[in-house]
Each structure stands twice: as structure tokens, then as C-alpha cells.
Amino acid sequence: MTRDRIVPALLWAVAILFVGAIVHIVSILILPGIAPNDAFTRVAAASVPGTVQFLPRAVSRQNSVPFRDPAVASAICRYDLQQGPLRIVAVVTDSAFVAVSFHTRFGLPFYGLSDRASDDGKLEVVLLSASQLDKVEAGDSEDGPVREVRVTSPTTEGFVQFDILPRVGGYPAAEQALKSVSCKIERNL
């Protein structure tokens with residue numbers, strides 16, 4: 001091949017790689033929004049907003065939620081902030097590690113906390129929209145402390161995932177600790 005043919009061939013190869021890379025990146029970014037069986041769709045089919053739904057124990061690779069640890073007890077709570085803010089309460093002890101993660105309608109995590117955020121053995125979180133947060137803060141007293149963690153959601157719908165790993169006692173202890181978790185929609189804002 002002569003130099004006159006190599007340069008155009010290399011330019012075509014670079015152009016094809018560039019277009020392929022752009023198409024690949026765009027498809028990866030668009031796919032979560034158009035996937036028909038995303039995490040929220042599965043959560044919505046299995047739960048009602050404002051209720052804790054326990055997930056089955058991870059014992060095989062055929063679970064509905066992949067890559068889960070079989071020693072961890074998990075639950076979800078779907079939220080719809082158009083119905084009102086979501087209040088989450090969990091009793092926290094030294095016998096288990098508690099992790100709470102907040103996810104948007106598209107399954108993207110936007111906030112997370114652990115049992116270290118508890119106050120006197122109780123983890124209390126209120127999930128709100130930006131307008132609901134403004135209303136709640138307007139009603140706060142200036143000299144009274146706020147006892148709960150307030151989290152603002154970027155979307156009106158989504159889900160909260162609870163994971164509990166026992167320090168002692170195995171999976172039954174984790175399941176028992178998970179029963180102390182509650183979430184409910186506060187309609188009287």
C-alpha cells in the first residue's frame with residue numbers, strides 16, 4: 001500500500017471508532033431510562049408505597065436481586081412523595097450493622113447512611129421533596145433541635161433499601177433486626 005492509500009484508510013478507521021464510541025456511550029446512558037424491567041418496576045410490582053417489603057434470602061444465583069450476600073437480610077420500601085413525606089424508623093443495636101440506601105425512580109442511589117447516624121438507639125429519617133422540606137423547616141422552632149435526618153429526593157418516586165448484617169447470630173438475627181424497621185407516608189404535612 002502506498003502512503004496515499006494509508007492516510008485515508010486510517011482516517012476512516014478513526015472515524016468509525018469515534019462514531020462507535022459515541023453510539024456505545026449514548027446507548028449506555030439511555031438504557032436505564034427505557035429498560036422495561038428495571039429495579040423500580042420490580043419493586044412497584046411487589047410493594048405498596050409506605051410499607052416495608054421483606055426480600056427473600058439470597059441462597060442462589062437465581063434471585064430477583066443479583067449479587068446479594070446470603071448473610072444479609074434485606075427489605076425495600078417504595079415511596080411516592082406526591083402522597084406525602086416518608087418517615088423511616090429503625091431500632092439500632094450493637095448486634096447488627098444497618099445500612100439504608102435511597103434510590104430514584106430509575107434505580108440510581110442518591111443517599112445512604114448506616115447505623116452510625118442513629119440517636120439513642122433509634123435511626124429516624126424523613127424523605128421529602130424540596131417543597132415539602134421548605135414547609136417542614138418553616139414549622140421548626142428556632143431553639144429546638146431536629147432529631148431526625150432529613151433527606152431531599154431528586155424524584156417523586158423511588159425506593160429505600162434496608163440491609164442488615166448481624167455481628168452475631170447469623171441470618172435469623174438479621175431477620176429479627178429487620179422487623180424493627182418501619183416506613184410510613186405522612187399525609188398530614
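Structure first, text after, so check above.
Parameters at a glance
- Within every chain, residues take consecutive numbers counted from 1 along the sequence as written.
- For this predicted model, a pLDDT threshold of at least 70 governs which residues receive local features, and a threshold of 80 or more governs which side-chain atom pairs are given and counted, while totals over whole chains, interfaces and linings are taken from all residues.
- Based on all heavy atoms of the structure, the side-chain values leave hydrogens and waters out of the count.
- Burial status follows relative accessibility: with a 1.4 Å probe on protein chains alone, a residue under 20% of its type maximum counts as buried, one over 50% as exposed, and anything between as partly exposed.
- Only DSSP runs of H or I reaching four residues or more are called helices, and only runs of E reaching two or more are called strands; each is numbered from the N terminus.
- Following DSSP output, two strands are said to pair if at least two bridges run between them.
- To be clear, the arc concerns the directions from the helix axis to the C-beta atoms.
- The term salt bridge refers to a pairing of a side-chain nitrogen on Lys or Arg with a carboxyl oxygen on Asp or Glu at a separation within 4 Å.
- Like charges are joined within 9 Å and nonpolar side chains (Val, Leu, Ile, Met, Phe, Trp, Tyr) within 5 Å, but only among residues with over 30% relative accessible area and no salt bridge; these make up the patches.
- Only the protein chains shown count as cover for residues, and all accessible areas are computed by the Shrake-Rupley method using a 1.4 Å probe.

Examining the pairing of strand S3 (residues 86–91)
Item 1. S3 sits mainly inside the fold: five of its six residues count as buried.
Item 2. Alignment of S3 against strand S6 (residues 122–128), held across six bridges, turns out to be antiparallel. From the neighbouring strand, leucine 86 faces S6, where its bridge partner is leucine 127.
Item 3. By the bridge criterion, four bridges tie S3 to strand S9 (residues 182–185) in an arrangement that is antiparallel. Each bridged residue has a counterpart across the sheet, and for valine 89 the counterpart in S9 is serine 182.

Points about helix H3 (residues 130–138)
Item 1. Taken as a whole, H3 has its buried residues at Gln132, Leu133 and Val136. All buried residues of H3 fall inside an arc of 100° around its axis, so they share one side. Across from the buried face of H3, at angles greater than 90 degrees, the exposed residues are Asp134, Lys135 and Ala138.

A closer look at the pattern of salt bridges
Item 1. A full pass over the atoms with the stated rule returns six salt bridges.
Item 2. Between arginine 87 and glutamate 124 there is a salt bridge, and its shortest N-O distance comes to 2.4 Å. Linking arginine 87 in strand S3 with glutamate 124 in strand S6, this pair joins segments that are 37 residues apart in sequence.
Item 3. Under the relative-accessibility criterion, arginine 87 is labelled buried at 18%.
Item 4. Overall, the relative accessible area of 18% leaves glutamate 124 in the buried class.
Item 5. Aspartate 115 is paired through a salt bridge with arginine 167; the nearest N and O atoms lie 3.8 Å apart.

A closer look at a nonpolar patch on the surface
Item 1. A cluster of nonpolar side chains, contributed by Phe18, Val19, Ile22, Val23, Val26, Ile30, Leu31 and Ile34, occupies part of the molecular surface with about 770 Å² of accessible area.
Item 2. One can find isoleucine 34 in helix H1 (residues 3–34).
Item 3. Here isoleucine 34 falls in the exposed class, since its relative accessible area comes to 59%.

Structural measurements only, silent on function.
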